[in-house]
Amino acid sequence: MLESELEDILEIHPYLLDPSFKKYEVLRQKKIYKGRIDLFLISKDKLNVTIIEIKRDKLTLASVNQIKRYYYYYNRKYKGTQVEVSAYLIGLSSSLDISRLKWLKVKLIDKDIPRKVKLCPKCSTAFDYRVFTCKCGFRV
Ligand SMILES: [Zn+2]
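Summarised in this report is the structure supplied together with it.

## Regarding the overall build of the chain
For the chain, the count of helices and strands is two helices and seven strands. Of the regular secondary structure in the chain, the N- to C-terminal order runs α-β-β-β-α-β-β-β-β. The C-alpha radius of gyration of the chain comes to 15 Å, within 12% of the 14 Å expected for a compact globule of 140 residues. When its C-alpha atoms are laid out on the principal axes, the chain stretches across 45 × 35 × 25 Å. The burial tally for the chain puts 24% of its 140 residues in the buried class. Taking as baseline every contact in the chain between residues at least 6 positions apart, the subset at least 24 positions apart corresponds to 41%.

Structure, rendered in structure tokens:
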């Protein structure tokens, strides 16, 4: 699986990560001077910003440091405003202890996020390819 394949899925179906993302605007490969953010989500009221970084392998300290740089960049940018910045690090596995980083969530491929999705013909919602019934009740 390529990182870009999961990016494809989450760009169109960000609610797979969190239901509240359904109404967020999604920007892909957003360039900032410190690098390129895989996915950048912003809420309709522009008060919530979420940075998403995807790794196809086990999550490392280097990937945490990378997303930290992005987070601090936006945290500084929005300092003194009501905008809240949070981040997701997605990988295949992780043994990292990120409990001190309140702004960061780790999600694992296949466990929390499906690497492939099916699209429900009834409600057009994407869901895990290993599941046979959509949340709307339609059996695929
Ligand atoms: Zn459905």
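## Some points on the environment of L119
Tracing the chain through its elements places L119 in strand β6 (residues 117-119). Through-space distance from the C-alpha of L119 to that of Y129 is 8.7 Å; in sequence the pair is ten residues apart. The residues touching L119, leaving out its near neighbours within four places in the chain, are S124 and A126.

## Describing the sheet that holds strand β3 (residues 48-54)
Strand order in this open sheet of five strands is β1-β2-β3-β4-β5, and the pairing throughout is mixed. Edge positions in the open sheet fall to β1 (25-32) and β5 (104-108), since each of these has one partner strand only. For this sheet, the mean angle separating the axes of adjacent strands, direction not counted, is 30°. As paired strands, β1 and strand β2 (residues 35-42) are joined by seven bridges and run antiparallel to one another. For K31, the partnering residue across the bridge sits in β2 and is R36. The sheet strands contacting helix α2 (residues 61-77) are β1, β2, β3, β4 (84-91) and β5, and the helix crosses β4 at an angle near 165°.

## Overview of α2
Side chains of residues three or four places apart in an α-helix project in the same direction, reflecting 3.6 residues per turn. Relative to the 24 Å expected for 17 residues at 1.5 Å per residue, α2 spans 24 Å between its end C-alpha atoms, a close match to the ideal helical length. All of the buried residues along α2 are S63, V64, I67, Y70 and Y74. What you see down the axis of α2 is that its buried residues fit within an arc of 130°, all on one side. Exposed side of α2, more than 90 degrees from the buried face: L61, A62, N65, R69 and R76 are the residues found there. Residues of α2 that are buried in the fold lie against β1, β2, β3, β4 and β5.

Rules behind the numbers
Residues numbered from 1 in each chain as written. Predicted model: local features only at pLDDT ≥ 70, side-chain atom pairs only at ≥ 80, totals over all residues. Helix = DSSP H or I, 4+ residues; strand = E, 2+ residues; numbered from the N terminus. Rg over C-alpha atoms; globule rule 2.2 N^0.38 Å. Buried ≥ 20, exposed ≤ 12 C-beta atoms within 10 Å, placed from the backbone. Contact = placed C-beta atoms within 7 Å. Pairing = 2+ DSSP bridges. Axes fitted to C-alpha atoms, helices over the stretch in contact; angles between N-to-C directions. Expected span 1.5 Å × (residues − 1). Arc of directions from axis to C-beta.

No statement about biological role is implied by the geometric values presented.
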